[in-house]
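Tertiary structure, described
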Amino acid sequence: MISKSMEDMRKQGFAFESAEVVSCSEIVEEQNQKRCFINNTYVMLFNDYRITSKAYLLGIYN
């Protein structure tokens, strides 16, 4: 499903240029899990436009 979605995006002129993990917060232990926030930056191309997006992911390890 992901491969098909990426192929459809490519056909429409959309492509990822880069994905970078910028930083990771301190890892804390809560409810028997290790947790952290992961700061990411994505750069995408759409036709002649460059789109930069910042995203935060929640990392969880049991």
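Please refer to the structure higher up on the page.
Residues numbered from 1 in each chain as written. Predicted model: local features only at pLDDT ≥ 70, side-chain atom pairs only at ≥ 80, totals over all residues. Heavy atoms only, no water.

**Things to note about the overall build of the chain**
If you tally the helices and strands in the chain, you get one helix and four strands. Taken from the N to the C terminus, the helices and strands of the chain come in the order α-β-β-β-β. For the chain, whose C-alpha radius of gyration is 16 Å, the value lies well above the compact-globule estimate of 11 Å for 62 residues. Taken along the three principal axes of its C-alpha coordinates, the chain extends 45 × 25 × 10 Å. Looking at the chain residue by residue over its 62 residues, the buried ones come to 18%. (Helix = DSSP H or I, 4+ residues; strand = E, 2+ residues; numbered from the N terminus. Rg over C-alpha atoms; globule rule 2.2 N^0.38 Å. Buried < 20%, exposed > 50% of the residue type's maximum accessible area, 1.4 Å probe, protein only.)

**Side note on the side chain of asparagine 40**
With respect to the helices, strands and loops of the structure, asparagine 40 is situated in strand β3 (residues 33-46). Look at asparagine 40 and you get buried, because its relative accessible area is 4%. Side-chain polar atoms of asparagine 40 contact the backbone oxygen of isoleucine 38, separated by 3.5 Å. Asparagine 40 has contacts with Glu20, Val21, Val22, Ser53, Lys54, Ala55 and Leu57, leaving out every residue within four places of it along the chain. (Polar contact = N/O pair within 3.5 Å; in protein donor to acceptor, adjacent residues only side chain to side chain. Contact = heavy atoms within 4.5 Å.)

**Remarks on the pattern of salt bridges**
Per the counting criterion, the structure on display carries five salt bridges. Measuring nitrogen to oxygen at the nearest pair gives 3.4 Å for the salt bridge that ties arginine 10 to glutamate 7. Highlighted residues: arginine 10 and glutamate 7, both in helix α1 (residues 2-11), separated by three residues, approximately one helical turn. The partly exposed category is assigned to arginine 10, whose relative accessible area is 48%. Since its relative accessible area comes to 34%, glutamate 7 is described here as partly exposed. (Salt bridge = Lys/Arg side-chain N within 4 Å of Asp/Glu carboxyl O.)

**Description of a nonpolar patch on the surface**
A grouping of Phe37, Leu58 and Ile60 is seen on the molecular surface, where their side chains present a nonpolar patch of about 330 Å² in accessible area. Within the secondary structure layout, leucine 58 lies in strand β4 (residues 49-61). (Patch = residues over 30% accessible without salt bridge, like charges linked within 9 Å, V, L, I, M, F, W, Y side chains within 5 Å. Areas by Shrake-Rupley, 256 points an atom, 1.4 Å probe, with all protein chains shown as cover.)

Geometry only, nothing functional implied.
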